[in-house]
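In case you want the letters, here they are:
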Amino acid sequence: MKPELFLGNEAVAQAAIDAGISGVYAYPGTPSTEITEYIQQSKQALDRQVRCNWSANEKTAYEAALGMSYAGKRALVCMKQVGLNVAADVFINSAITGVNGGLVLAVADDPGMHSSQNEQDSRFYGKFAMIPVLEPSNQQESYNMAYEAFQLSEQSQLPVMLRLTTRLSHTRSGVLRREVLQPKSLKLPQSSKQFLLLPIFARKNYRHLLEKQDLLQEWAEQSKYNFFRDGADKSLGVVCCGLGWNYFQEVFADSEIPYPRVKISQYPVPVSIIRKLEELCDELLVVEEGYPLVEEQLHDFFGKGKPVHGKLDGTIDRQGELTTDKVGRALAVIYDEPFSVPECVVPRPPSFCMGCGHVDAFKALDEAIASYGAGHIFSDIGCYALAALPPFESIYTCVDMGASITMAKGAADAGFFPAIAVLGDSTFAHSGITGLLDAVNEKTNMLIVISDNQSVSMTGGQDSAAKDIIETICVGLGVDTRHIRVFVPLKKNHEEMVQIFKEEIEFEGVSVVIPRRECLQKAMWRMKRNKTK
Amino acid sequence: MKTDVILAGVGGQGILSMGAIIGLAALEEGLHLKQSETHGMSQRGGAVVSHVRLSDRSVYADLIHHGQADLILAVEPMEALRQLPFLKKDGYLITNTDPFTNLPNYPEIGKIQEALDQLPKVLKIDATDLARDIGHAKSSNIIMLGALSAFVHISVQSFEKGIETVFAGKGEDVVEFNKQAFHLGRKVALTTV
Ligand code: SF4
């Protein structure tokens, strides 16, 4: 067999298909998006009728995957790190229900915040839920671990988390595939009470989960992905997690690695392997991508013993992505940097595409509210958040999916006027709907702008779950039809748009304005996709 | 034999397809490789960079460290300069000279020229003009890729295979003019260096 070229995310997707999944559930989010996209475009998945549409949000995605597992089949659910917060409710509970068919959560963290609001480390969620976590260090491991995770899930009867990070997700490398497995057949859970988290059953399930911990620990100690390698220089022992292993090895790419070391890619943390290192060495260094999860635990285990270095004591910068430079510096290896960036170079931030409909909508909105001063627009996550940057600088908030409506509502409750929320069609479907319901119920005096570009554009043009039904949803939630206004955001309609915005700001109550024009990129992507089909 | 390459440009300029072609070509040659990509927010007209690491031995890190890149290949001159901290002392900078000015404060082109000319090893190509000359304005990134081919240990055949695979979905004529662009870039590099 020859290696094939796969992005880390694609390797995960192909492994899941080869492992016989019956469905993938996801909401798009960088850096996780390509996992689902790959499955959507895979002929093999199509032939097998693998279910692969986008879900409205991460919580619905996770719940549906859990349902597929309930029915005895293997399911994959994918999201980015902040998406796991949305799915946290069902995620934590799924550790208590356990699974039936193998359930794997692929979650892609974004250290360095390349396209995220935070750097949170999903391994903490895995630890919190007390489930096995796998953290691959390269594309081949991504494939292997995703492939084996389904079996691990079935064996432990628990969901398994595959923790990826931007760099791994978005790096290509050669990957060898394995035997293609048949999908599982339908089969109900053995116990009819397993998925019933009523307190009497939940207590029992929780006890089971606690009892499994020793087994998970034992598996981690024996895992082929966790190992010890000896080195001559016992002054330092190095613990590397996931990608950290690569950067550590890179520092010594042209020479022998002097230090004894441990690689961790399966959690819970394999205590006995690290203990061996601790006994052998004078000091420890922990190299991990994300938060100091392992480092904190080492302090707990050996806190009164030998010094432990890493992100907590500043040996490695706590913020941002791990790099060879950072790891090298921690090991007192200094790299030459013969050239520096010339002074004339200026930043080139992302910006709206030329001719984007959001731009025309913002221009009209900005004009309509000019007399009120700054600070009235609550925004959400999507291309339109680029209005935070020059030349617009007209939005003041961007916190989490759906927060535009609810934050504007809170401000309106406080007496703030005008309170205006701007969000996109997909974000509205993701978690704007419930906020709108609150506003309607309380007749909040606010304006909601659903800038409908008929696309999830930030992540590559996926369809929104509210496609073509936004007005119907608004009416269904109780918005007065006279205050649902739709127009086409184009320069030539500027006066009309300003007028509509002004009228709806003046209206006391909930109004929804929908500028609607397809995203230019989406149109291109759509044409491309139709062509290749 | 290890070659570390930084690809630089602006979102939408074809960095992803360049990276994919190099990756396919390297695999064809049986090399180890890692090629990182930029996705998401920064693609919307922002700066984009890809680290490509090729070797006949194992490649560990996904990112090249500072001062270690053998080559910077840029499809836009200011983006080339932005990546300078990665370049080795004796590394080569190859750049398209045509600026992508989607910024109000894009520096004076003279200043950029000056900074480029101070480098010991630099190859400047007006790939945009060359691409227009052959009637395919969009192929300037593949012209730059052709220039790169003169510096790495990958055969022309393997590059061609990569081009075929990446553009297969777009029809045979697209494959053909991209091959033509590739050879043009390669020739320019071979005759100037
Ligand atoms: S991708 Fe679409 S929505 Fe985003 S800025 Fe470009 S045209 Fe506008």
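Residues numbered from 1 in each chain as written. Chains lettered and ligands numbered in written order. Predicted model: local features only at pLDDT ≥ 70, side-chain atom pairs only at ≥ 80, totals over all residues. Heavy atoms only, no water.

Section: the overall build of chain B
Counted only if it meets this: To qualify as a helix, a DSSP run of H or I must reach at least 4 residues; to qualify as a strand, a run of E must reach at least 2; elements of each kind are numbered from the N terminus. Based on C-alpha atoms, the radius of gyration is set beside the globule rule, defined as 2.2 Å times the residue count to the power 0.38. Relative accessibility decides the category of a residue: with a 1.4 Å probe and only protein chains considered, values under 20% of the type maximum give buried, values over 50% give exposed, and everything between is partly exposed. Between two residues, a contact is recorded if the distance between any of their heavy atoms is within 4.5 Å. Using the Shrake-Rupley algorithm and a 1.4 Å probe, accessible areas are obtained, with residue cover drawn only from the displayed protein chains. In summary, the charge assignment counts Lys and Arg as positive and Asp and Glu as negative, without counting His or the chain termini. For charged residues, the charge sits on one atom: NZ in Lys, CZ in Arg, CG in Asp, CD in Glu.
Looking only at helices and strands, chain B features 7 helices and 6 strands. Along its sequence from the N terminus, chain B presents helices and strands in the succession β-α-β-β-β-α-β-α-β-α-α-α-α. What you see for chain B is a C-alpha radius of gyration of 15 Å, in line with the 16 Å of a compact globule of 193 residues. Taking the principal axes of its C-alpha atoms as reference, chain B extends roughly 40 × 40 × 40 Å. Every one of the 193 residues in chain B was classed for burial, and the buried ones make up 59%. At a minimum sequence separation of 6, the contacts of chain B that also span at least 24 residues come to 63%. Total accessible area on chain B is roughly 7500 Å²; 50% of this is exposed by carbon and sulfur atoms. Across chain B, 18 positive and 22 negative side-chain charges occur, with their mean positions spaced 5 Å apart.

Topic: the interface of chain B and chain A
Put simply, an interface is often sized by how much accessible area is lost when its parts join up. Here is the rule we go by: The term buried area denotes the loss of accessible surface (1.4 Å probe radius) that occurs when two parts are joined, taken as the sum for both partners. By definition here, a salt bridge exists when the distance from a side-chain nitrogen of Lys or Arg to a carboxyl oxygen of Asp or Glu is within 4 Å. Counting of polar contacts relies on pairs of N or O atoms within 3.5 Å, with two restrictions inside protein: one atom must be capable of donating a hydrogen and the other of accepting it, and residues adjacent in sequence are counted only when both atoms are side-chain atoms. Charged means Asp, Glu, Lys or Arg here, nonpolar means Ala, Val, Leu, Ile, Met, Phe, Trp, Tyr, Cys or Pro, and polar covers whatever is left, Gly included. Strand pairing is assigned whenever DSSP detects at least two bridges linking the two strands.
Listed by partner, the interface residues are 52 residues for chain B and 54 residues for chain A. Interface of chain B and chain A: buried area, both sides summed, is about 4400 Å²; carbon and sulfur atoms make up 61% of it. At the boundary of chain B and chain A, one finds 5 salt bridges. Measuring nitrogen to oxygen at the nearest pair gives 2.8 Å for the salt bridge that ties Arg172(A) to Glu37(B). Across the contact surface, chain B and chain A share 15 residue pairs in polar contact (both at pLDDT 80 or more). Counting residues per element, the ones that place at least two in the side of chain B that touches chain A are helix 1 (15–28), strand 2 (32–36), strand 3 (47–55), helix 2 (77–82), strand 5 (87–96) and helix 3 (109–117) of chain B. By residue number, the principal contributor to the side of chain B that touches chain A is helix 1 of chain B, which donates 5 residues. Residues that form the side of chain B that touches chain A fall into these classes: 24 nonpolar, 14 polar and 14 charged. Inspection of the sheet shows strand 7 (residues 171–175) of chain A paired to strand 2 of chain B by 2 bridges, in the antiparallel sense.

Details of the pattern of salt bridges
As enumerated under the stated definition, the model contains 44 salt bridges over all chains in all. Between Arg123(A) and Glu135(A) there is a salt bridge, with its nearest N and O atoms 3.9 Å apart. Linking Arg123(A) in helix 7 (residues 122–129) with Glu135(A) in the loop between strand 5 (133–134) and helix 8 (139–156), this pair joins segments that are 12 residues apart in sequence. Looking at Glu135(A), the relative accessible area reads 2%, which means it is buried. Across the pair Arg53(B) and Asp4(B) runs a salt bridge whose closest N-O atoms are separated by 3.0 Å. Pair noted here: Arg53(B) is in strand 3 and Asp4(B) is in strand 1 (residues 2–10), with a separation of 49 residues, a long-range link. An identical accessibility class is assigned to Arg53(B) and Asp4(B); each is buried. Through salt bridges with shared partners, a single ionic network connects Asp109(A), Asp121(A), Arg123(A), Glu135(A), Arg163(A) and Glu288(A).

Topic: the sheet that holds strand 2 (residues 23–26) of chain A
Residue and element names in this part refer to chain A. The line we're drawing: Axis definition: a line fitted to C-alpha atoms, limited for helices to the stretch in contact. Angles are taken between N-to-C directions and run from 0 to 180 degrees.
Pairing is mixed across the open sheet formed by 6 strands, whose spatial order is 2-3-4-6-5-11. Unpaired on one side and paired on the other, strand 2 and strand 11 (266–267) mark the two borders of the sheet. Strand direction decides the pairing type here: strand 5 and strand 11, joined by 2 bridges, are antiparallel. Looking across to strand 11, one finds that Val 133 is bridged to Tyr 267. Packing of helix 7 onto the sheet brings it into contact with strand 4 (103–109), strand 5, strand 6 (160–165) and strand 11, and relative to strand 6 it is tilted by some 165°.

A few points about empty space enclosed by the protein
Residues and elements named next belong to chain A. Keep this limit in mind: Here a cavity denotes grid points, spaced 1 Å and computed from the protein atoms alone, that fit a 1.4 Å probe unable to get out, and a pocket denotes an open set having protein on both sides within 12 Å along at least 5 of 7 lines; residues with an atom within 4 Å of a point are the lining. Grid points are joined across faces, edges and corners, and a volume is the space filled by probe spheres set on the points.
Here the structure, examined in full by the defined rule, presents 5 cavities of 30 Å³ or more. Of the voids in this model, the largest cavity is the one considered here, and its volume is about 90 Å³. In terms of residue count, the dominant contributor to the lining of the largest cavity is helix 20 (residues 520–532) (3 residues). Its residues placed into classes, the lining of the largest cavity shows 8 nonpolar, 5 polar and 1 charged.

Description of the nonpolar core
Residues and elements named next belong to chain A. The condition that has to hold: Side-chain atoms within 4.5 Å link the members of a nonpolar core, which is a set of buried Ala, Val, Leu, Ile, Met, Phe, Trp, Tyr and Cys residues.
With 58 residues, the main nonpolar core has Ile 39, Leu 76, Val 238, Phe 248 and Leu 331 as its most contacted residues. Broken down by element, the residue count for this core peaks at 7 residues, all from helix 8. Every residue in contact with Leu 331, bar those within four places of it in the chain, is listed here: Leu 236, Val 238, Phe 248, Val 251, Phe 252, Tyr 259 and Leu 285. Residues Cys 356, Ala 387, Ile 405 and Ala 439 belong to the second largest nonpolar core, which totals 52 residues.

Note that all results are geometric; they support no functional claim without further evidence.
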